[in-house]
Amino acid sequence: MNGNRQTASFAKPGIGKPHFGKTDRHSGQNARRRLPIWVVIAGNGVMAASFWLLGAGGMLAKLVLLAFWVLMVAGSLRTIRLGPGLLTGLLILAGLTGLIMFGNGGGDEKIRLIGNLMMMPVGLVAGAVIGRDCLRILMPAMLFYLILSSSFYLTHEGARLNHAFLFLGFFALCSVCNFGHRRWLMMATAGAVFLSQTRIAVIAMLINAFGMIRFSRAMTWIAGLIIVGIVAGGVMAYLPRLVMTHDSGRLAFWTMFAEIWRDGSDGQRWLGFGAGSVEEILSQTASFGSFGALHNDHFRILFETGIVGALLWGTGWAVVILMVRQTRLAVCILLSVFVTMITDNSLNYGHYLICCAIAAGISAQEGKNGEPVRND
């Protein structure tokens, strides 16, 4: 077979084959979608603006972020071949969006939830159709923002570095980039995630890293055991919160919402209490100022969109993972996001979601472990 011809796709024959054009063998860059430099520069400007708008509350920042990547995907629509998997995913997203729009809840809350749900699909398609040029647009602005805005803050459990999920998203982007010093950048980013002392972020990062490991190499096992020992010792000595057990209050709130959902009407159990209902109920509690959210996105989807929405949500995740199943790194990146949603509010972290989705899309396009697929 000709090693110079390559067609990138999300999946092997089966659930879907949305092809996106030829991929350069050496760089992994989509040869027909190389972006002009002015687009890359303008994109960095837009991304920088979206990061600095986070201080204004996040909503405007997410709108700028989502609008930009929707436009980027729209410019590449002609390269997408709509396969069964992609069509199924779009239908599920449309169904969940319709359920939210015609359900209970305020208009602003509906738009906010739909926008949050759109981040992952848009990012996945952007990474798949645009390829590594997404990194040229996103990573410089993100790195600049993290360097300037990161700081430690004191808690009763010790000093913690802020922006845990932004660093986690940046780690996902690093896992699919291919420049010479990416390992040093990844190590620095991994250190930042550890210094945040956010346990779910550390677990998600390790899941992401698992997708990059080549277990067939003996040195991988030797070096891995040494690194694990060093990291474990450092965590025990200097980052006690990562191994500390304490009552965060999540279980009490989950129990309270489970009882509310159980005592609701049949319509509320099947179709949900409506977008924004979680925050509305929490705002009536004394702990709202310190807790602020449910810290479980999967439960939130069940509560706000009901059993029907939860089934669509779970099916959507299954379809996406099946579409990228031939690429371990892409699967691990998506699973890492899924895991963070168990104990945090990842749906609200638009930049984190778009980074992980773009990384998964790039990995799925290029092949195993982020390396270009070769038909040798």
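Residues numbered from 1 in each chain as written. Predicted model: local features only at pLDDT ≥ 70, side-chain atom pairs only at ≥ 80, totals over all residues. Heavy atoms only, no water.

### Comments concerning the overall build of the protein chain
- Tallying secondary structure elements over the protein chain gives 16 helices and two strands in all.
- Residues counted as buried form 49% of the 376 residues belonging to the protein chain.
- For the protein chain, long-range pairs separated by at least 24 residues make up 74% of all intrachain contacts whose partners lie at least 6 apart in sequence.
- For the protein chain, the exposed area adds up to about 17,500 Å²; of that, 67% sits on carbon and sulfur atoms. (Helix = DSSP H or I, 4+ residues; strand = E, 2+ residues; numbered from the N terminus. Buried < 20%, exposed > 50% of the residue type's maximum accessible area, 1.4 Å probe, protein only. Contact = heavy atoms within 4.5 Å. Areas by Shrake-Rupley, 256 points an atom, 1.4 Å probe, with all protein chains shown as cover.)

### Considerations on the state of the cysteines
- A full pass over the atoms with the stated rule returns zero disulfides.
- Of all cysteine sulfurs in the structure, the one in cysteine 174 sits closest to cysteine 177, which takes part in no disulfide; the separation is 4.9 Å.
- The structure places no disulfide on cysteine 355, whose sulfur is separated from the nearest cysteine sulfur, that of cysteine 356, by 6.8 Å. (Disulfide = S-S within 2.5 Å.)

### Focus: the packing of aromatic side chains
- In the structure shown here, the tally under the stated rule is nine aromatic pairs.
- Their ring planes at 80 degrees and their centres at 5.0 Å tell us that phenylalanine 257 and phenylalanine 303 sit as a pair that is edge-to-face. Of this pair, phenylalanine 257 sits in helix 10 (residues 250-263) while phenylalanine 303 sits in helix 14 (residues 297-323); the two residues are 46 residues apart in sequence, bridging distant segments of the chain. The pair phenylalanine 257 / phenylalanine 303 is uniform in exposure class, with both members buried.
- Clustering of aromatic rings is evident, with ring pairs tying together Phe51, Trp52 and Tyr145.
- Here arginine 328 stacks its cationic end above the ring of phenylalanine 210, 5.9 Å away from the centre of that ring. (Phe/Tyr/Trp six-rings, centres within 6.5 Å; stacked < 30°, edge-to-face > 60°. Lys NZ or Arg CZ within 6 Å of the ring centre and 35° of its normal.)

### Considerations on the packing of helix 6 (residues 164-174) against helix 8 (residues 199-210)
- In the contact formed by helix 6 and helix 8, the axes pass within 10 Å of each other and the chain directions differ by 0 degrees. One element, helix 6, and the other, helix 8, form an angle in the roughly parallel class. Residue-level contacts link Ala164, Phe165, Leu168, Phe171 and Ala172 of helix 6 to Ile200, Ala201, Ala204, Met205, Asn208 and Ala209 of helix 8.
- Residue classes in the contact of helix 6 with helix 8 are distributed as 10 nonpolar, one polar and no charged. (Axes fitted to C-alpha atoms, helices over the stretch in contact; angles between N-to-C directions. Parallel < 35°, antiparallel > 145°, perpendicular 65-115°, else oblique. Nonpolar A, V, L, I, M, F, W, Y, C, P; charged D, E, K, R; others polar.)

### Overview of the packing of helix 10 against helix 14
- Relative to each other, helix 10 and helix 14 sit at 10 degrees, their axes nearing to 11 Å. Comparing the axis directions of helix 10 and helix 14 gives the class roughly parallel. Seen from helix 10, the contacting residues are Trp254, Phe257, Ala258, Ile260 and Trp261; seen from helix 14, they are Phe299, Leu302, Phe303 and Ile307.
- Grouping the constituent residues of the contact of helix 10 with helix 14 by class yields nine nonpolar, no polar and no charged.

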